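Listed below are the residues making up each chain.
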Amino acid sequence: AGPAMLPESVLQQVHQAIFDWDAQGVSILEIGHRTERFYQLIKQCQLHLRQLLEIPETHEVLFVPSGTTAHFAYMPQNLLGTYQKIDYVDTGYWSQKAIAQAKKYTQINIVASGKDASYLAIPDESSWQLSEKAAFVHYVDNETVDGVEFSWVPHSPYAPLVADMTSSLLSKPIDIAKFGAIYAGAQKNLGIAGISVVIMNKQLLSRSTEQLPD
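As a starting point, this report considers the structure included with it.

**Here's the deal with helix α2 (residues 36-53)**
No. 1: The terminal C-alpha atoms of α2 lie 26 Å apart, and with 18 residues this matches the ideal 26 Å at 1.5 Å per residue to within 8%.
No. 2: Taken together, the buried residues of α2 touch β1 (59-64) and β9 (196-201).
No. 3: Downstream of α2 by one or two residues, E54 has phi in the positive range, about 55 degrees.

Okay, structure coming up:
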């Protein structure tokens, strides 16, 4: 786990952009985020991510100013909707962080836990106790603290699948169509800390409400 190594050519581009980005005569750190040129940059980044991950048009790509842990609250806040429960797979440290946040907003069903194996193995999927009426099923794709990583995409027949892929996004092919939502902090494989990426099925966007808890 840790920041991915950037090629020297990329570092050189970043160095130049800090002083004069895209021949704009101003640093990329200073240009207005509402300017047309910066908007084009965001669209370009979205397009590149779509190409790399083969993201279908059914899913939206969002860049969010936050770290991964913020999404432990964002996901239940925005995707709970009228549901009364969320399913969580407990495979270690980051799963527990996500579960602790979600408990502030709704009932949690732990469908499986790696606790009995000291979080050194993922429970066999045949033993998972999924709810039939959960808002979504959440799991952490790569639990970096104890080194447990999924080698498959869990089957979720009743509810959309939501995954924290901070330590695995862009490290392997992913069938995006199988997921309701994927979120990832950029600092591991994508870029700098303080920025995260959300890839979400557009059908789930309607669940969000303006009446979010404080």
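**Things to note about the layout of surface pockets**
No. 1: When its volume is computed, the largest pocket comes out at roughly 1,700 Å³.
No. 2: Along its surface, the largest pocket is lined by 39 residues, and C45, L190, G191, I192 and I195 are the ones closest to its centre.
No. 3: Mapped onto the lining of the largest pocket, the elements with two or more residues apiece are α1 (8-19), α2 and β1.
No. 4: In terms of residue count, the dominant contributor to the lining of the largest pocket is α2 (9 residues).

**Considerations on the nonpolar core**
No. 1: Grouped together as the largest cluster of nonpolar side chains are 26 residues, with contacts concentrated most on Y139, M165, F179 and I182.
No. 2: Elements with a contribution of two residues or more to this core: α2, β3 (107-113), β4 (137-140), β7 (161-164), β8 (181-185) and β9.
No. 3: When residues no more than four places from it in sequence are discounted, the contact partners of Y139 are V89, F150, W152, V153, P154, L161, V162, A163, D164, M165 and F179.
No. 4: In terms of nonpolar packing, the next biggest core, distinct from the first, is built from 19 residues, F72, L80, I99 and Y183 among them.

The rules behind these values
Along each chain, the written sequence defines residue order, and numbers are assigned to residues from 1. For a predicted model such as this one, the threshold for reporting local features is a pLDDT of at least 70, and the threshold for listing and counting side-chain atom pairs is 80 or more; totals across whole chains, interfaces and linings nevertheless cover every residue. Side-chain measures were taken over the full set of non-hydrogen atoms in the model, leaving aside hydrogen atoms and water. The numbering of helices and of strands both runs from the N terminus, where a helix is a DSSP run of H or I of at least 4 residues and a strand a run of E of at least 2. Expected span of a helix, by definition, is 1.5 Å for each gap between consecutive residues, and there is one gap fewer than residues. Here, two residues are considered to be in contact whenever any of their heavy atoms come within 4.5 Å of each other. For cavity detection a 1 Å grid was placed over the protein atoms alone, and a set of points counts as a cavity when a 1.4 Å probe fits there but cannot get out; an open set counts as a pocket when protein lies on both sides within 12 Å along at least five of seven lines, with lining residues being those that have an atom within 4 Å of a point. Grid points are joined across faces, edges and corners, and a volume is the space filled by probe spheres set on the points. Working definition of a nonpolar core: buried Ala, Val, Leu, Ile, Met, Phe, Trp, Tyr and Cys residues. They are joined through side-chain atoms within 4.5 Å. Here the term buried applies to any residue with accessible area under 20% of the maximum for its type, exposed to any over 50%, and partly exposed to those in between, with areas from a 1.4 Å probe on protein chains only.

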